[in-house]
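Working through the structure, step by step
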Amino acid sequence: MENKRALITGINGQDGSYLAEFLLDKGYEVFGTIKRNSVSENQTSRLDSIYSKIKDNLIYADLLDVPSLLHALKISDPCEVYNLAAQSHVRISFDQPVYTAQATGLGTLNLLEAIRLHNTNIRVYQASSSEMFGNSIDSDGYQRETTPMNPVSPYGCAKVFSYNICRNYRNSYGMFISNGILFNHESPRRGTNFVTNKVVKAAVRIKLGLENELVLGNLNATRDWGHAKDYVEAMWMMLQQEESGDYICATGISHSVLELVEYVFGKLDLDWKSHVKTDSKFLRPEELEDLKGDSLKLRKETGWSPNYTFETMLEEMIDHWLDHYKG
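Parameters at a glance
Residues numbered from 1 in each chain as written. Predicted model: local features only at pLDDT ≥ 70, side-chain atom pairs only at ≥ 80, totals over all residues. Heavy atoms only, no water. Buried < 20%, exposed > 50% of the residue type's maximum accessible area, 1.4 Å probe, protein only. Helix = DSSP H or I, 4+ residues; strand = E, 2+ residues; numbered from the N terminus. Pairing = 2+ DSSP bridges. Right-handed = clockwise from strand over helix to strand, strands pointing away. Axes fitted to C-alpha atoms, helices over the stretch in contact; angles between N-to-C directions. Contact = heavy atoms within 4.5 Å.

Looking at the pairing of strand β6 (residues 177–182)
Taken across its six residues, β6 has six buried, putting it largely inside the fold. The alternating pattern of β6 places I177, N179 and I181 on one face and S178, G180 and L182 on the opposite face, and all of these are buried. Here strand β5 (residues 123–129) runs beside β6; their pairing, made up of six bridges, is parallel. Looking at β6, one finds that Y125 is bridged to S178. Assessed by its sense of winding, the connection that carries the chain from β5 through helix α6 (residues 154–173) to β6 is right-handed. Pairing of β6 with strand β11 (residues 246–249) involves four bridges; the strand directions are parallel. By the bridge assignment, N179 is partnered in β11 with D246.

Some points on the sheet that holds strand β1 (residues 5–9)
As summarised here, the arrangement of the seven strands in space is β3-β2-β1-β4-β5-β6-β11, forming an open sheet in which the pairing is parallel. The sheet is open, and its two edges are formed by β3 (58–60) and β11, each paired on a single side. Averaged over all adjacent pairs, the angle separating strand axes in this sheet is 20°, with direction ignored. In the packing of helix α3 (residues 66–76) onto the sheet, contacts are made with β1, β2 (29–34), β3 and β4 (80–83), and the angle to β1 comes to roughly 155°. Against the sheet, helix α5 (residues 97–118) touches β1, β4, β5 and β6, its axis set at about 170° to β4.

Examining unusual backbone geometry
Phi at D77 takes a positive value of approximately 40°, unusual for a residue other than glycine. By the element assignment, D77 lies in the loop between α3 and β4. For D77, a relative accessible area of 43% gives the class partly exposed. We note that D269 has phi near 55°; this positive angle belongs to a residue other than glycine. You can see D269 is positioned in the loop between α9 (257–267) and β13 (276–278).

Okay, here's the thing in structure tokens:
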């Protein structure tokens, strides 16, 4: 393979950091966009292991600033672009609906237009989301590429716009643009305001006597949880196909938040009932109850399959936080 160049928007996020590592291992030259942040100290912490390899390829840009996107494309001149940047927290999208619509929705349009003006031969990956389906579920309990999209959050609504504008640009301009409809994916690098890492971190702190209580929202919501490391490989696989398309990426197995809590606390020999409380402030104005994805198309066309299970993913996260606090 000739030395390929890739541009990752949001490279310093959970997915961006794993994808950057993956692409470097594949021999790519990797570029990434980061937003200017008033506190720069922790901004690239997820990239520590590869920072020396990419530090000169990090470009300040913002999805709401088209000239900055054109600048990033000019500098990186990529053959592949992975759009992972977004306001990605569903609960917070209710607090910041307009910003979420702009960054997560219109931001994608800005990037596509910049790519169209720069070079229509670039292959584009768009991070779509299972949140686009809302409470729309097929009769067998799964969501798949053909399931109607009825989002129940500003984040989900913005992602539906992104998904559709990608399809529109693909059809209108003959561009190679694939939507990866990823279901929940976690890792030790997940933000601690997301429920998986929130639960694991708090359970470890309780185990070590650093705190005594964990407050959560809806314990009955079920999610199809995979590992981010598996899912970034799927992103790359989608862009290696002969034709672009839309793909569900999921494990096909769902668990409730309660099952998540029981497993993590059980692994640490803790009685979760003594420590876990619920508070309505963590509930969404419109709840999304069940998510479970059918990734048959992805597995069939690309050969993808996950290496992690729900349990091994959580065990890795537990080990990470134990090492963090004991270290």
